[in-house]
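# Reading the structure
As a plain string of letters, each chain reads:
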Amino acid sequence: MTDTDRLPEIPAETLSAAQAAAAAAFRAERGVPVFGPFVPLLRSPDLMLCASRMGLYLRYGSALPLRISEFVILIVARLWSQQVEWQIHHPIALKAGVAPEAAQALAEGRRPDTMSAEEALAYAFSTELQHNRAVSDATYAAVVAQFGEQGAIDLTGINGYYALLAMTMNVARTALPEDGPPPLPPLVR
């Protein structure tokens, strides 16, 4: 296997009518052209639009504070070793209030030593869900006490959505921007 991008940007002149319409709808909703994980997803235009709309809700409309959402996105990006997702969200997470030391620990595959109570809950929930494919009663109860039932579901949605994007880009081998920071180191398993 090589690192060649399997599903690069589709030249505008070769887009199907459905792909062109989806790309136009994406631009209208987000104000930017198709980018990152949406490039490979454009091969399935309806899926791309549904994923985009879900992402808009999870990023900007969920019951969770943006700092927690972005912290969880970094957790998922690291667990899936998804370089593009990490590069997109790392600066957003820092701007939203995630401590640089916490982000660095995640990049290194470690549990951050210093986290807020909310971050510690999000970390426990997300790592249990991603590793165990379930969440313990104690962790679930703590998350509901902190964020409510909607928060627990939105936290689940963020984990699932960003895992979908990570899987998509890992399958597509979505290329890193050439002017970005160095890639994440490999995780020791």
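The structure contained in this document is the topic of the report that follows.

What counts and what doesn't
Residues numbered from 1 in each chain as written. Predicted model: local features only at pLDDT ≥ 70, side-chain atom pairs only at ≥ 80, totals over all residues. Heavy atoms only, no water. Helix = DSSP H or I, 4+ residues; strand = E, 2+ residues; numbered from the N terminus. Rg over C-alpha atoms; globule rule 2.2 N^0.38 Å. Buried < 20%, exposed > 50% of the residue type's maximum accessible area, 1.4 Å probe, protein only. Contact = heavy atoms within 4.5 Å. Lys, Arg positive; Asp, Glu negative; His and termini not counted. Charge placed at Lys NZ, Arg CZ, Asp CG, Glu CD. Axes fitted to C-alpha atoms, helices over the stretch in contact; angles between N-to-C directions. Parallel < 35°, antiparallel > 145°, perpendicular 65-115°, else oblique. Left-handed = near helix turned anticlockwise from the far one by under 90°. Nonpolar A, V, L, I, M, F, W, Y, C, P; charged D, E, K, R; others polar. Phe/Tyr/Trp six-rings, centres within 6.5 Å; stacked < 30°, edge-to-face > 60°.

### Structural notes on the overall build of the protein
In terms of helices and strands, the protein carries eight helices and zero strands. In the protein, the succession of helices and strands from N to C terminus is α-α-α-α-α-α-α-α. In terms of C-alpha radius of gyration, the protein reaches 17 Å, essentially the compact-globule figure of 16 Å for 189 residues. Summarising its shape, the C-alpha atoms of the protein cover approximately 55 × 35 × 30 Å along the three principal directions. Among the 189 residues that make up the protein, the fraction classed as buried is 43%. Partitioning the contacts of the protein with sequence separation of at least 6, the portion at a separation of at least 24 is 68%. Computed over 14 positive and 19 negative side-chain charges, the inter-centroid distance for the protein is 3 Å.

### Looking at the packing of helix α5 (residues 83–96) against helix α6 (residues 100–107)
One can describe the packing of α5 onto α6 by two numbers: an axis separation of 10 Å at closest approach and a directional angle of 155°. Accordingly, the angle class assigned to the pair α5 and α6 is roughly antiparallel. In the packing of α5 onto α6, the handedness of the crossing is right-handed. In contact with Trp86, His90 and Leu94 of α5, α6 contributes Pro100, Ala103, Leu106 and Ala107. Partitioning the contact of α5 with α6 into residue classes produces six nonpolar, one polar and no charged.

### What to know about the environment of proline 183
Along the chain, proline 183 turns up in the segment after α8 (137–172). A C-alpha to C-alpha distance of 9.7 Å links proline 183 and alanine 107, two positions 76 residues apart in sequence. Excluding residues that lie within four positions of it along the chain, proline 183 makes contacts with Gln83 and Leu176.

### Details of the packing of aromatic side chains
Within this structure, the stated rule accounts for four aromatic pairs. Ring centres of tyrosine 161 and tyrosine 162 lie 4.8 Å apart, and the angle between their planes is 90°; on these two criteria the pair is classed as edge-to-face. Residue class for tyrosine 161 comes out buried when judged on its relative accessible area of 3%. Every member of this aromatic cluster is reached through a ring pair, and the members are Phe26, Phe35 and Phe38.

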